[in-house]
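# Summary of structural features
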Amino acid sequence: MGKGGKGLNTYSYQEVSKHDKWDDRWIIINNEVYNITNWARRHPGGSKVIGHYAGQDATDAFRAFHNDLDQVQKYLLPLHIGSVQKGEVNTNFSLEKDFRNLRETAENMGLFKPSYTFFFVHLAHIIAMEVMAYLTLYYFGTGWIPFLVSVCLYATVQAQCGWLQHDFGHLSVFKNTTLDHMVHFFTMGFTKGASPSWWNHMHYQHHAKPNVMGKDPDVRVDQLFVVGEKMPIEVAKSNKSAMPYNQQHKYFFFIGPPLLFPVYFQFMLFRHIFTRRLWKDFIVVMAFYVKFFYLYTSMLGLGWCLVYYEIMSVDGHHFSVLSDVTINVSCLYRREYRVSKNVSIHIF
């Protein structure tokens, strides 16, 4: 370790990599080194998102998660402790170079420019289907056919809204934090009945470390299921679970989709709301439940209303959440990427 300009130190990648503990966290952004140990818990995106890059180069993640890089850069100034030594090359340099070339190509193609027409039409058809789901029962009664048509419409609302809220949750539509948050609260909270802040907390980690065991919440399924080639090996080595994984294809559809959103997600999101005192989230989530039970209990009764909710939740969230599970799950600090298809610009 030597001295850099302006009295700041210079560090090797190996030296920075040692600072990856909860009480000692450094990161690299654009070849500059920052000590985020005390500041991480105040990070607007959550301490875990930034903490997952402790001891690593977070340049690409930093760029991907922040729209106004110049504004965010100001918050880094007090955390700056030095620079990476000249001539130092990251072990993932080849992969990062390919990724940055891919991002530049996507930017030149205009793939990061949102179409307001698309988002307006998408939101409008979701609202229209939710209205149709209610009117189907209101006008045609509660027989089996109207019931099934209605619940299919509402499940489609849940699934489609799951994809729509994603871009607003990432603040990538209006490029305006306030507007994106407002629509995100409407879609995720009032329309889906989930906490927007809880989704951000979980999903930002997923994008920060996709498919990395121990960091990506989306692959935190090893208590019940194992997927991919590496997860079964890691779980077997840990010897912490006695689940009959060889039978998981049989019990998945009984304890997976039926319990995912109605039970597990509800427990997690309300725990997140109360432990962090997110009262705006609580109000908007409760507004969904008041709306739903007020409209449907009067027609179906409480019992069938709960059945309706369970079917709608299982179908809608099964396809909007579980379809995001990928097979290639990697271990900590090792990532594998797979390009599945070419990307072309749609009419929207």
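### Focus on the packing of aromatic side chains
This model, assessed by the stated rule, comprises 33 aromatic pairs. On the numbers, 5.8 Å between centres and 40° between planes, the contact of Tyr264 with Phe265 is tilted. Seen in terms of ring centroids, Tyr289 and Phe293 are 6.3 Å apart; in terms of plane orientation they differ by 20°. Their pairing is stacked. With a gap of four residues between them, Tyr289 and Phe293 both fall in helix 13 (residues 279-321), about one helical turn apart. For the cation-ring pair, Arg25 lies above Trp22, with the distance from its terminal atom to the ring centre recorded as 4.4 Å. Sitting over the ring of Phe190, Lys291 keeps its end group 4.3 Å from the ring centre.

### Re the nonpolar core
In terms of nonpolar packing, the biggest core is built from 38 residues, with Tyr154, Trp198, Phe292, Tyr296, Tyr308 and Tyr309 touching the most fellow members. Secondary structure elements with two or more residues in this core: helix 6 (116-140), helix 7 (144-169), helix 8 (177-191), helix 9 (196-208), helix 12 (257-276) and helix 13. The element contributing the most residues to this core is helix 13, with 11 residues. Other than its neighbours up to four places away in sequence, Tyr296 contacts Glu130, Ala133, Tyr134, Leu137, Ser150, Tyr154, Gly301, Cys305 and Tyr308. One finds Ile27, Ile29, Tyr34 and Ala40 within the second-largest nonpolar core, a separate group that totals 18 residues.

### Digging into the environment of Ile36
Looking at the element boundaries, Ile36 is found in the loop between strand 5 (32-35) and helix 2 (47-51). A sequence separation of 12 residues divides Ile36 from Asp24, and the C-alpha atoms of the two residues are 8.0 Å apart.

### Some points on the pairing of strand 7 (residues 80-84)
Sheet analysis places strand 2 (residues 9-11) next to strand 7, joined by three bridges and oriented parallel. Looking across to strand 7, one finds that Tyr11 is bridged to Val84.

### So, the pairing of strand 4 (residues 24-29)
Burial within strand 4 is extensive, with five of its six residues counted as buried. Relative to strand 4, strand 3 (residues 20-21) runs antiparallel, the two being bridged by two bridges. Each residue of the ladder has a partner; that of Lys21, found in strand 4, is Asp24. Taken together, strand 3 and the strand that follows it, strand 4, pair antiparallel across an intervening segment of two residues. Bridge analysis of strand 4 against strand 5 gives four bridges, and the strand direction is antiparallel. Across the sheet, Ile29 pairs through a bridge with Glu32, a residue of strand 5. Counting the residues in the hairpin turn of strand 4 and strand 5 gives two residues, including Asn30, whose phi is positive at 55°. Two elements, strand 4 and strand 6 (residues 56-57), share two bridges in a ladder whose sense is parallel. By the bridge assignment, Ile28 is partnered in strand 6 with Asp57.

### A few points about the environment of Leu76
Along the chain, Leu76 turns up in helix 4 (residues 69-76). With relative accessibility at 7%, the residue Leu76 sits in the buried group. Between the alpha carbons of Leu76 and Ile36 there is a distance of 9.0 Å; along the sequence they are 40 residues apart. Every residue in contact with Leu76, bar those within four places of it in the chain, is listed here: Ile29, Tyr34 and Phe62.

Rules used in this analysis
- Residues numbered from 1 in each chain as written.
- Predicted model: local features only at pLDDT ≥ 70, side-chain atom pairs only at ≥ 80, totals over all residues.
- Heavy atoms only, no water.
- Phe/Tyr/Trp six-rings, centres within 6.5 Å; stacked < 30°, edge-to-face > 60°.
- Helix = DSSP H or I, 4+ residues; strand = E, 2+ residues; numbered from the N terminus.
- Lys NZ or Arg CZ within 6 Å of the ring centre and 35° of its normal.
- Core = buried A, V, L, I, M, F, W, Y, C linked by side-chain atoms within 4.5 Å.
- Buried < 20%, exposed > 50% of the residue type's maximum accessible area, 1.4 Å probe, protein only.
- Contact = heavy atoms within 4.5 Å.
- Pairing = 2+ DSSP bridges.

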